[in-house]
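# Remarks on the overall topology
For reference, the chains in residue letters:
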Number of protein chains: 2
Amino acid sequence: MAATVTTASGATWQEVAADRQKHRDATIAAIAPPLPEITDTPLNTIPLAKKYLTAEEIKITESYVEDLVVQLANGAISSTIVIKAFLRRAALAQKATNCITELLPQRALDRAAFLDKYLADHKKPIGPLHGIPISVKEHVGMKGLDLNAGFVAWVGTVAEEDAHILQILWRAGAVFYARTTQPQSLMHLETSSNLYGVTTNPFNSTLTSGGSSGGEGALLGFRGSCLGIGTDIGGSIRSPAANNGVYGMKPTSGRLPMGGMSATMLGAEHIVPAVGPLSTSLKGCKLFIKTLIDNKPWSKEPSLLPFPWKSEDFFQGRKLKVAVLWDDGVVKPHPPVTRALKQVVEKLKKSGNVDVVEWKPFQHDIAWEIIASLYFCDGGGEEKAATDASSEPLRPLTRHIIHDNPHMEHHTIASMWTATKRRDKYRADYNAVWNETATSVGPNGEFEGTVDVILSPVGPSAAPKIDTAKWWGYTSQWNLLDYPALIFPVDKVDVEKDGEKVKYEPRNEKDRYNWDLWEKFGAEGYKDAPISLQFVGRRYEDEKVIQALEIVKKEVALPFVEYI
Amino acid sequence: MAATVTTASGATWQEVAADRQKHRDATIAAIAPPLPEITDTPLNTIPLAKKYLTAEEIKITESYVEDLVVQLANGAISSTIVIKAFLRRAALAQKATNCITELLPQRALDRAAFLDKYLADHKKPIGPLHGIPISVKEHVGMKGLDLNAGFVAWVGTVAEEDAHILQILWRAGAVFYARTTQPQSLMHLETSSNLYGVTTNPFNSTLTSGGSSGGEGALLGFRGSCLGIGTDIGGSIRSPAANNGVYGMKPTSGRLPMGGMSATMLGAEHIVPAVGPLSTSLKGCKLFIKTLIDNKPWSKEPSLLPFPWKSEDFFQGRKLKVAVLWDDGVVKPHPPVTRALKQVVEKLKKSGNVDVVEWKPFQHDIAWEIIASLYFCDGGGEEKAATDASSEPLRPLTRHIIHDNPHMEHHTIASMWTATKRRDKYRADYNAVWNETATSVGPNGEFEGTVDVILSPVGPSAAPKIDTAKWWGYTSQWNLLDYPALIFPVDKVDVEKDGEKVKYEPRNEKDRYNWDLWEKFGAEGYKDAPISLQFVGRRYEDEKVIQALEIVKKEVALPFVEYI
């Protein structure tokens with residue numbers, strides 16, 4: 001249903017926001033049985049689930065995609081039962097973290113009933129995702145529903161059809177039941193908008209859920225979803241996956257369908273976003289990506305690359321070779337991140353089945369300059385127009401990335417071509433650095449024995465304090481290079497283990513800002529925050545990155561702690 | 001050796017041009033035995049070869065790549081003998097058509113001697129192109145040689161290393177021996193520059209060799225080369241291949257290596273050029289492309305797509321489905337082109353092994369508006385700077401495509417994003433039109449039985465009169481869509497067969513301009529000009545397009561006439 005309270009119809013931005021929240025609350029109130037008000041959000045909200053949900057609901061919502069798929073396909077559990085459980089936990093997640101823009105109980109229940117009937121009638125599932133609940137970041141268009149991309153002025157825009165990705169997932173059997181929050185402009189590594197306020201971290205309410213797919217992150221971290229859709233142009237799938245202790249993948253661009261999403265800067269080709277999954281399991285991410293690729297999305301969306309899913313064994317008995325990026329040379333990670341890296345490295349080395357080498361960062365400071373000069377090539381014109389149209393104020397991190405960004409340029413065509421050539425030069429140089437890890441060179445110049453994946457932090461800290469997630473380098477680096485990157489949970493901040501003081505003299509202002517946060521808040525301030533890491537592969541090696549993590553998970557039990 | 005007479009060193013553009021021509025002539029004069037001056041170029045220059053070359057030279061130079069490869073690999077013929085023959089015929093081609101910027105006799109002979117020794121020592125060829133002479137369009141950089149891209153002011157720029165494509169072909173065994181002409185700005189469908197003047201058509205000196213790879217076209221048409229390198233952003237491989245009765249392919253962008261070429265508008269991503277082969281045989285084109293792809297050029301050039309060469313059978317016993325584009329709805333082809341199409345269609349239908357349907361052009365007029373608005377996004381600023389720097393005058397077709405182009409825009413970032421979105425919309429629409437040719441739709445929305453390739457004219461006439469090649473639509477259409485397109489020779493203009501008057505009332509000014517040319521010059525004016533057609537496939541279906549032509553060549557003897 002189209003929103004009627006809009007700035008176009010004369011409402012103030014506050015009135016529009018209030019109306020959207022009222023609408024959201026109505027969809028939450030429609031969940032049966034109803035959830036209580038949470039008046040005093042605990043620091044760690046995870047225990048709320050045990051308090052307010054049934055044992056069956058907990059069991060279902062804490063199941064992994066790969067298990068639900070089997071049970072749904074063989075009728076051991078009905079789609080209706082599953083979606084009811086996720087609707088209730090999502091409603092609770094909203095109360096705990098403010099991660100929902102609307103729930104879709106009626107649509108979802110109708111869909112589940114259809115799927116249950118389909119299974120009963122046909123004795124087989126409708127597709128590989130039969131009955132799987134999938135949560136969706138708001139700016140991925142859903143037919144007939146509001147599509148505002150986090151801007152107050154855009155409320156009232158209605159998607160004419162489902163985004164291409166949703167069409168395919170629908171055919172595969174998905175149930176869409178929840179739409180999730182995103183920040184103003186979509187360009188924060190947090191989730192803060194004038195429409196819905198701030199989305200917080202379910203493990204520690206003083207921390208951000210990350211962003212821009214931060215509604216997804218919080219919802220998955222809380223287990224109100226087992227599989228969700230995010231988008232990423234600088235870290236927007238990965239930061240929320242990492243901050244909430246779930247898996248998440250930013251594939252190489254051009255592999256998964258992008259049609260039907262709302263955002264500023266559409267038409268820009270300098271740095272292109274990717275859509276991808278967040279999931280409570282690696283297998284959930286893999287099934288999501290494989291299902292989409294198996295459906296040949298390129299046949300309808302000609303900007304996509306017609307690469308089939310590669311199911312070959314990339315290693316064939318040889319050792320996986322992992323290179324460790326301890327520090328990008330710009331902003332040093334907080335001690336918990338380094339501790340997580342150390343643990344993984346030690347265990348991998350101990351396994352004897354994985355080669356571990358060091359990755360020397362190659363000009364990551366320059367990489368940031370380049371990508372930061374290519375994000376808002378119109379000088380942030382579209383963002384300004386979108387916020388001015390409702391007179392909504394700029395959120396702090398919108399200001400940070402557009403107005404306080406010294407590398408941002410209002411480009412001419414000529415200056416943009418120059419910046420694009422600089423980007424391409426950097427990509428070629430980085431590629432050469434990777435080739436230099438070869439242990440031998442073949443007769444036709446083939447580089448043999450190169451590093452398979454880089455093991456890297458996802459950010460310079462565990463989930464940041466609200467409005468402090470300012471250094472994008474650990475994620476945007478791989479957007480600039482258009483490399484696939486896969487997030488996995490490792491540990492969580494522990495007041496005992498991370499409490500020791502570390503002496504460090506920051507190298508620059510960004511480094512100082514980040515280190516000062518640690519000095520100020522310490523382990524206590526980040527208590528319980530998940531710590532995650534990422535595997536990064538070369539361009540288009542998405543399947544290999546997934547396989548690398550499968551290998552590592554066999555060698556090393558991950559994560560090292562329980563989150564739920 | 002770097003040019004020393006340059007505008008940067010104070011020379012006038014005329015002095016620079018004279019010096020470049022002097023240099024070229026010196027390289028021609030170095031060919032032994034020397035070729036005579038041709039003082040009175042005949043209308044059809046092809047017979048000159050028989051007059052001035054030995055029978056052995058003729059036999060070698062009229063051999064196809066696939067035959068030379070075998071003879072060179074088994075030592076039946078030496079690389080030295082082969083390159084000497086091609087050097088002589090290329091020297092003659094220069095005198096006949098003005099297609100050469102410089103020959104490289106010493107480099108080529110040294111290389112051939114090395115390859116002959118290699119074969120003798122190792123009893124095997126160095127690679128799949130052992131000893132094959134390859135001619136190269138000038139703007140593809142060669143280490144230590146001038147690299148001017150057709151601009152007088154750029155003379156004096158020297159390539160620091162071989163272009164990536166040359167490095168691979170070199171490893172495969174190629175011998176580079178000739179560099180060929182290109183037009184001012186590289187943005188003509190002819191070849192006319194202030195450095196070297198006009199390159200003419202070997203079959204009819206009053207006609208253009210096409211462009212921008214027009215030096216290649218004339219050289220191959222004259223059989224001074226059997227395999228050459230061109231580039232194409234609007235028809236620049238295809239127009240010269242077609243005008244000279246040889247094969248030529250513009251692959252999908254991102255498949256073959258582009259590093260190390262000189263041109264304006266580098267950094268532009270809105271419409272991207274492709275490099276590709278011109279060859280006297282289809283197998284020559286295929287071997288060229290396959291060799292490059294088999295060398296995994298993406299490992300060094302990260303902007304390329306890591307698609308291996310697809311060697312599967314795309315048809316597996318089913319019929320090839322060809323759709324015929326008779327007329328793009330904007331500029332109607334001259335009668336010889338239509339006659340060639342009719343002949344091919346009739347024979348294909350008669351064969352019974354190919355399905356032939358009609359292709360209704362979808363808004364090709366709009367397609368031209370879109371691509372013409374995306375070529376010179378900086379308002380032609382780089383071209384203006386490059387010509388202003390030497391005060392060289394604009395050639396008529398430079399003026400045509402930049403200054404007299406009503407769709408050309410000096411874009412802002414905002415207007416370029418809008419134009420890019422318009423491009424993407426058009427691509428999606430055209431893709432949907434193609435999907436609509438399906439005879440059935442599968443359960444997952446697969447389009448089955450769609451058209452395999454479009455059979456299309458390459459231009460609205462056979463090789464045009466000098467300075468009249470103004471309608472790019474038949475080739476630029478496929479650059480806008482980034483579809484692979486493969487040129488093949490069919491027939492030639494015949495005064496008897498094409499002499500009949502055809503009554504036609506042109507639909508628009510462009511159409512009138514083209515038809516008036518036919519009215520004015522008639523078949524006599526285009527006498528002997530090769531008539532070629534193209535097969536166009538969907539994005540990234542390069543291998544399928546080649547296979548389609550292989551099938552058609554089995555069904556229908558092509559071309560219908562002898563050129564040489």
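The shown structure was predicted, so the numbers you read here are calculated from the model rather than taken from an experiment.

### Observations concerning the UniProt feature "domain: Amidase" (unreviewed entry) in chain A
In the numbering used here, UniProt assigns the feature "domain: Amidase" (unreviewed entry) to residues 82-545 of chain A. Along residues 82-545 of chain A the backbone is 35% helical and 16% strand, and the end-to-end C-alpha distance reaches 31 Å.

### Examining unusual backbone geometry
In this structure, A:P559 follows A:L558 across a cis peptide bond, with omega equal to -10 degrees. Structurally, A:P559 is set in the segment after α18 (542-555). The backbone of A:A149 shows a phi angle near 55 degrees, a positive value even though the residue is not glycine. Checked against the element boundaries, A:A149 lands in the loop between β2 (133-137) and α7 (164-171). Even without being glycine, B:Y540 reaches a positive phi, approximately 75 degrees. Residue position: B:Y540 is located in the loop between β17 (530-536) and α18 (542-555).

### Observations concerning the pairing of strand β10 (residues 274-279) of chain A
All names here are of chain A. The element β10 is extensively covered by neighbouring structure, given that 6 of its 6 residues are classed as buried. Bridging between strand β8 (residues 227-232) and β10 involves 6 bridges; their strand directions are antiparallel. What sits directly across from G230, in β10, is G276. With 2 bridges connecting them, strand β9 (residues 247-250) and β10 associate as antiparallel partners. When the bridges of β10 are listed, G248 appears paired with L278.

### Remarks on the relation of the copies chain B and chain A
Under the fitted operation, chain B is carried onto chain A by 0.0 Å of movement along the axis and a turn of 180 degrees, and the coordinates agree to an RMSD of 0.0 Å. Both copies are brought into coincidence by an operation consistent with a two-fold rotation axis. The fraction of interface residues of chain B whose copies in chain A are also interface residues reaches 100%, indicating that both copies meet through the same surface.

### A few points about the pattern of salt bridges
Within this structure, the stated rule accounts for 62 salt bridges over all chains. Measuring nitrogen to oxygen at the nearest pair gives 3.1 Å for the salt bridge that ties A:R24 to A:D25. Under the relative-accessibility criterion, A:R24 is labelled buried at 7%. Classification of A:D25 by relative accessible area gives partly exposed; the value is 39%. B:D424 serves as the salt-bridge partner of B:R423, at 2.8 Å between the closest nitrogen and oxygen. Look at B:R423 and you get buried, because its relative accessible area is 2%.

### Description of the side chain of A:D542
Residues and elements named next belong to chain A. With respect to the helices and strands, the residue D542 is situated in helix α18. A distance of 2.7 Å separates the side chain of D542 from the backbone nitrogen of T252, its partner in a polar contact. Beyond its immediate chain neighbours, meaning those up to four positions away, D542 contacts M249, P251, T252, R255 and P484.

### Side note on the sheet that holds strand β17 (residues 530-536) of chain A
Two orientations exist for strands paired in a sheet by backbone hydrogen bonds: parallel and antiparallel. Residue and element names in this part refer to chain A. Strand order in this open sheet of 11 strands is β1-β3-β2-β8-β10-β9-β16-β17-β15-β11-β12, and the pairing throughout is mixed. Two strands close off the open sheet at either side, each with one partner strand: β1 (100-103) and β12 (354-358). Strand-to-strand twist in this sheet, taken as the mean axis angle between neighbours without regard to direction, amounts to 25 degrees. Direction of pairing for strand β15 (residues 453-457) relative to β17: antiparallel, over a ladder of 4 bridges. Following the sheet pairing, L455 is matched in β17 by F535.

### Observations regarding the nonpolar core
Burial of nonpolar side chains together is a common tendency in soluble globular proteins. Counting 111 residues, the largest nonpolar core has B:I134, B:I165, B:L169, B:I229, B:L455 and B:F535 as its most contacted members. Considering every element that reaches this core, the biggest residue donor is helix α5 (residues 79-97) of chain B, with 10 residues. Counting residues in each nonpolar core, the second largest holds 110 residues, with A:V69, A:A91, A:A112 and A:W518 among its members.

### With respect to the environment of A:S9
Residue and element names in this part refer to chain A. Positionally, S9 belongs in the segment before α1 (13-29). A C-alpha to C-alpha distance of 9.2 Å links S9 and G156, two positions 147 residues apart in sequence. In terms of polar contacts, S9 uses its side chain to reach the backbone carbonyl oxygen of T6, at 2.9 Å.

Calculation rules
Residues numbered from 1 in each chain as written. Chains lettered and ligands numbered in written order. Predicted model: local features only at pLDDT ≥ 70, side-chain atom pairs only at ≥ 80, totals over all residues. Heavy atoms only, no water. UniProt positions renumbered as here; feature names shortened; annotations may be inferred. Helix = DSSP H or I, 4+ residues; strand = E, 2+ residues; numbered from the N terminus. Buried < 20%, exposed > 50% of the residue type's maximum accessible area, 1.4 Å probe, protein only. Pairing = 2+ DSSP bridges. Least-squares fit on C-alpha atoms with pLDDT ≥ 70 in both. Contact = heavy atoms within 4.5 Å. Salt bridge = Lys/Arg side-chain N within 4 Å of Asp/Glu carboxyl O. Polar contact = N/O pair within 3.5 Å; in protein donor to acceptor, adjacent residues only side chain to side chain. Axes fitted to C-alpha atoms, helices over the stretch in contact; angles between N-to-C directions. Core = buried A, V, L, I, M, F, W, Y, C linked by side-chain atoms within 4.5 Å.

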